[in-house]
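# Geometric and topological summary
Here is how the chains run, residue by residue.
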Amino acid sequence: MNTGAQSKLTVRNRHHNAVMSRQASQVKNRAPAPIQISAEQILREAADRQQAHEIEPIVKIHDAEEYQAHLRDRRKHYEDNIRYRREDVGNWVKYARFEEENKEFERARSVYERSLEVDHRSAQLWLRYAEFEMRQEFINHARNVLDRAVQILPRVDFLWYKYVYMEEMVGDLPKTRAVFERWVEWMPDDNGWLSYARFETRCGNVTQADSIMRRYVNTYPSARAFLRFAKWAEFEAKDVALARTIFESALSELEPEESRQARVFKQFASFEERQREYDRARVIYKHALSLLHLGETPSLADEEDLTNAERTKREELYKAYITFEKKHGDRQGIEDVIVTKQRAQYRERAAEHPFDYDCWFEWAKLEEEHGSVSAVRETYEKAVANVPPSEQKDHWRRYIYLWIYYAVYEELVNADLDRAFQVYETCLSIIPHKKFSFAKIWIQAAKLLIRRRELTAARRLLGRAIGQCGKERIFIEYVALELALGEVDRCRNLYSNYLKAMPHNCKAWFKYADLEKSVGETERCRAIFELAIAQPALDMPEMLWKGYIDFEIEENEGENARKLYERLLERTSHVKVWISYAQFEGTDIGKGLEGARAVFEQAYDHLKAQGLSEERVLLLDAWRVFEKSNGSQKDVADVEAKMPRRIKRKRMREDESGKDLGWEEYFDYQFPDDEGGASNNFKILEMAAKWKQQRAEASDDDSDLDSNE
């Protein structure tokens, strides 16, 4: 069989095997097999089926003729491989290495030249070619090869590295320097310049190396270049002053984006720490954290522009600062580092959510505890600058407290009352009073004026507050101020305006009457109570009536109190009013025990007529307590005879639409004086049960007759 037919058969077999394996991989039944194969079994089968390694036969050559025949066979093999895969660099390299091993250097050189004709852009070929010449110590040939290589591929660095390495190894320093000069003209990367400088350092030309590094920094004015220059100056040139100058130049000459990189400050501080200049290192760390928006003077930055790498470097800088303080600082230094970190966290949080006022509160508190006065003020100013965009009062509640805390800080900590009042004035100018206002701001500002002993200004401010805000709390605080000063007439005027604005406010009426009672104006107090209970709408009328009645009782006006109870019962028949009335009659200014019992009887009959069971029970409980305290055993027994019996009943439960939801149990009261109606109900129930039993017996008789038939 010829080679073409054999290759076609091989391709056909491969296609058949691929189809069969694809069909075999499509498993239809996905259920677990009854016999599971373990991993150990798989490894054992793989070891059993492993094919033995075929060792190439050992060729033994006895004479020159056999050696030449062997060379012809191997060369034919390599030539066939090259014809089959001409672009494969490995075939050419293996061919050349074969010739090299057999000391056929010219043939090896010819193979390399032929391969370069195929692909002269292959840097690996040039490198293998040069290494071949260097191994065989053909220095001029190697120099020619590398010279040709760097001319064709000047951007491939490892060719230049090999070139300068060879020249330095043979001791030709001027030639090495010339190669380096040729290389730096092509603007290599950082390592190329650094290799040039290290070469000059090894040669003892530190000044020449310094000039090379300066050329490198001028060519690539970046933080990376300055840091490499400083590292070279410290560790290789052993020039500490030069290294410090380089770090300082990096901070002053580079662009702000470059000079403020975290790694510049970190390496600068580490350098000073290695030189045992701990104070210098601490200053560098603090300056770095300040410029990177982590310092003592907080300022909001556009944190969104920072990359993740820069954020990571900032974290590393902060960790390095903590480590430095733990090694060389004291407790205060460590606390300063922690506070600095907290500032950074608050700054990022505020930049992301400027209307998160809780963040501003925490930040301002941190600055009050650890920062300077200017830092605290700056924090508060930035916080209050974030005015809520919405004109809804709920969005302003937390914001207003920022102004209050700011003013309290200025007053209590800085003792600057003028600046504190300016804070309040600024806040009042921002609030949209036509839509809503905050009474607490007006009150705090007025109290501050009072502490400044500016009473007229405080009254004028509270007057503005009543006009623009008009809240109840402002009236209360204003009245409390005038009352503390003993200005009763001003209090009366304020209460008049208060009640004109809020005539339904029972608390205001009560406070006004209490004021008149405190100054001994009984008739005025009674007149105010009369005006109050005559109002058509009140929010808490029970408080007014109770206060009025208590006032008459305190004045020993029993008849007036009794009339008030009668007037109140005309408006409401609440059980608590009856109980209070009866208890009043049982006092010294009332009609005594008989009068109290008469009220209890009247209340009981009234509640019974209205059918109020719960209220009757409450009344009887209060009546029984009263009799136990003031009456005899017979009186107590008479009241207990009226006590009801608690019974359980059923009723149909309905929803809002009237649909039946089923039966439910509830508790009801059965009073002794209601026995007639209850007995009738029980009789009806007994008759219904008897009728149901008779109907069941009749149905049983009908079923017996059907079975007999």
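These numbers come from a predicted model, not from an experiment. (Residues numbered from 1 in each chain as written. Predicted model: local features only at pLDDT ≥ 70, side-chain atom pairs only at ≥ 80, totals over all residues. Heavy atoms only, no water.)

### Points about the overall build of the protein
- Counting its regular elements, the protein contains 35 helices and 2 strands.
- The long-range fraction of contacts in the protein, counting pairs at least 24 apart against all pairs at least 6 apart in sequence, stands at 49%.
- Summed over its atoms, the accessible surface of the protein is roughly 43100 Å², and 49% of this surface lies on carbon and sulfur atoms. (Helix = DSSP H or I, 4+ residues; strand = E, 2+ residues; numbered from the N terminus. Contact = heavy atoms within 4.5 Å. Areas by Shrake-Rupley, 256 points an atom, 1.4 Å probe, with all protein chains shown as cover.)

### So, the packing of aromatic side chains
- One pass over the structure, following the stated rule, counts 38 aromatic pairs.
- Ring-pair connections join several aromatic residues into one group, and the members of that group are Trp160, Tyr161, Phe180, Trp183, Tyr196 and Phe199.
- Here the basic side chain of Lys393 rests over the ring of Phe438, its NZ or CZ set 5.1 Å away from the ring centre.
- Here the basic side chain of Lys642 rests over the ring of Tyr604, its NZ or CZ set 5.4 Å away from the ring centre. (Phe/Tyr/Trp six-rings, centres within 6.5 Å; stacked < 30°, edge-to-face > 60°. Lys NZ or Arg CZ within 6 Å of the ring centre and 35° of its normal.)

### Comments concerning the pattern of salt bridges
- In total, this model carries 56 salt bridges according to the counting rule given.
- Taking the shortest distance from any N to any O, the salt bridge between Arg282 and Glu325 comes out at 3.0 Å. Of the two residues, Arg282 sits in helix α16 (residues 278-291) while Glu325 sits in helix α17 (residues 308-328), which places them 43 residues apart along the sequence.
- Overall, the relative accessible area of 1% leaves Glu325 in the buried class.
- The partner of Lys447 in a salt bridge is Glu477, with the nearest N and O atoms 3.7 Å apart. Of this pair, Lys447 sits in helix α23 (residues 439-451) while Glu477 sits in helix α25 (residues 472-484); the two residues are 30 residues apart in sequence, bridging distant segments of the chain.
- For Lys447, a relative accessible area of 34% corresponds to the partly exposed category.
- When salt bridges that share partners are traced, they join Arg377, Glu410, Asp416 and Arg419 into one network. (Salt bridge = Lys/Arg side-chain N within 4 Å of Asp/Glu carboxyl O. Buried < 20%, exposed > 50% of the residue type's maximum accessible area, 1.4 Å probe, protein only.)

### Looking at helix α13 (residues 240-253)
- Between its terminal C-alpha atoms α13 stretches 20 Å, which fits the 20 Å expected from 14 residues at 1.5 Å a residue.
- Leu242, Ala243, Arg244, Ile246, Phe247, Ser249 and Ala250 are the residues of α13 that are buried.
- Two or three places before Ala241, at the start of α13, stands the capping residue Asp239, its side-chain oxygen 3.5 Å from that residue's backbone nitrogen. (Expected span 1.5 Å × (residues − 1). Polar contact = N/O pair within 3.5 Å; in protein donor to acceptor, adjacent residues only side chain to side chain.)

### Here's the deal with the pairing of strand β1 (residues 645-654)
- Of the pairings in the sheet, the one linking β1 to strand β2 (residues 660-670) comprises 10 bridges and is antiparallel in character. Its bridge partner being in β2, Arg651 is matched across the sheet by Glu664.
- Taken together, β1 and the strand that follows it, β2, pair antiparallel across an intervening segment of 5 residues, in which Gly658 is found at a positive phi of about 90°. (Pairing = 2+ DSSP bridges.)

### Remarks on the confidence of the model for the protein
- Summary statistics for the protein give a mean pLDDT of 84 and a share of 89% for residues scoring 70 or more.
- Across residues 294-305, confidence stays below pLDDT 50; counting only partners more than four residues off in sequence or on other chains, it has 38 contacts.
- A low-confidence stretch, residues 704-709 stays under pLDDT 50, and its non-local contacts, those more than four residues away or across chains, total 0 contacts. (pLDDT = per-residue confidence, 0-100.)

### Overview of the nonpolar core
- Ranked by internal contacts, the top residues of the largest apolar core, which has 100 residues, are Tyr399, Ile400, Leu402, Ile441, Leu461, Ile474 and Leu619.
- In contact with Ile400, not counting residues within four places along its chain, are Cys427, Ile431, Phe438, Lys440 and Ile441.
- Formed by 78 residues, the second largest nonpolar core is a distinct cluster that contains Ile82, Val179, Phe247 and Ala320. (Core = buried A, V, L, I, M, F, W, Y, C linked by side-chain atoms within 4.5 Å.)

### Some words on helix α27 (residues 506-518)
- For α27, spanning 13 residues, the distance from its first C-alpha to its last is 18 Å, which sits close to the expected 18 Å at 1.5 Å a residue.
- Every buried residue of α27 is listed here: Cys506, Ala508, Trp509, Tyr512, Ala513, Leu515 and Glu516.
- Contacts from the buried residues of α27 go to α25, α26 (488-501), α28 (522-533) and α29 (541-554).
- The N-terminus of α27 is capped by Asn505, whose side-chain oxygen sits 3.0 Å from the backbone nitrogen of Lys507.
- Positive phi appears at Gly520, one or two residues downstream of α27, with a value of about 85°.

### Side note on the environment of Asp418
- Take Asp418: it is sitting in helix α22 (residues 417-430).
- With 11 residues separating them in the primary sequence, Asp418 and Ala407 have C-alpha atoms 9.8 Å apart.
- Polar contacts involving the side chain of Asp418 include one to the side chain of Arg452, which spans 2.8 Å.

### Focus: the packing of α27 against α29
- Two elements in contact, α27 and α29, have axes whose closest approach is 9 Å; the angle formed by their N-to-C orientations is 15°. As judged from the angle between their axes, α27 and α29 are roughly parallel. When the axes of α27 and α29 are compared, the crossing they make is left-handed. Counting all contacts with α27, which are made through Cys506, Lys507, Trp509, Phe510 and Lys517, the residues of α29 involved are Pro541, Met543, Leu544, Gly547, Phe551 and Glu554. (Axes fitted to C-alpha atoms, helices over the stretch in contact; angles between N-to-C directions. Parallel < 35°, antiparallel > 145°, perpendicular 65-115°, else oblique. Left-handed = near helix turned anticlockwise from the far one by under 90°.)

### Here's the deal with a nonpolar patch on the surface
- A cluster of nonpolar side chains, namely Tyr165, Met169 and Val170, defines an oily patch on the protein surface of about 300 Å² accessible area.
- Of note, Tyr165 is situated in helix α8 (residues 157-169). (Patch = residues over 30% accessible without salt bridge, like charges linked within 9 Å, V, L, I, M, F, W, Y side chains within 5 Å.)

### Re unusual backbone geometry
- Phi at Lys103 takes a positive value of approximately 65°, unusual for a residue other than glycine.
- Even without glycine at this site, Arg276 takes up a positive phi of about 65°.
- Inspection of the secondary structure puts Arg276 in the loop between α15 (262-274) and α16.
- Since its relative accessible area comes to 66%, Arg276 is described here as exposed.

### Describing the packing of helix α10 (residues 190-202) against helix α11 (residues 206-219)
- Packing of α10 against α11 brings their axes to within 7 Å, and their N-to-C directions diverge by 165°. Judged by the angle between their axes, α10 and α11 are roughly antiparallel. Once α10 is placed against α11, the crossing between them reads as left-handed. Contacts between α10 and α11 involve Asp190, Trp193, Leu194, Tyr196, Ala197, Glu200 and Thr201 from the first element and Val206, Gln208, Ala209, Ile212, Met213, Arg215, Tyr216 and Thr219 from the second.
- Split into classes, the residues belonging to the contact of α10 with α11 amount to 9 nonpolar, 3 polar and 3 charged. (Nonpolar A, V, L, I, M, F, W, Y, C, P; charged D, E, K, R; others polar.)

### What about the environment of Glu167?
- Mapped onto the elements of the fold, Glu167 is located in helix α8.
- According to the relative accessible area criterion, Glu167 is buried, its value standing at 0%.
- Along the primary structure Glu167 and Ala178 are separated by 11 residues, whereas in three dimensions their C-alpha atoms are 10.0 Å apart.
- If we skip the residues at most four places from it in the chain, Glu167 touches Arg143, Asp172, Lys175, Thr176 and Val179.

### Overview of the side chain of Gln261
- Summarising the element assignment, Gln261 is placed in the loop between α14 (256-259) and α15.
- Residue class for Gln261 comes out buried when judged on its relative accessible area of 14%.
- Polar contacts involving the side chain of Gln261 include one to the side chain of Arg263, which spans 3.1 Å.

### Some remarks on the environment of Tyr512
- Secondary-structure assignment places Tyr512 in helix α27.
- Overall, Tyr512 belongs to the buried group, its relative accessible area being 10%.
- Along the primary structure Tyr512 and Phe529 are separated by 17 residues, whereas in three dimensions their C-alpha atoms are 9.1 Å apart.
- Residues within four places of Tyr512 in sequence aside, it is in contact with Arg492, Tyr495, Ser496, Leu499 and Ile528.

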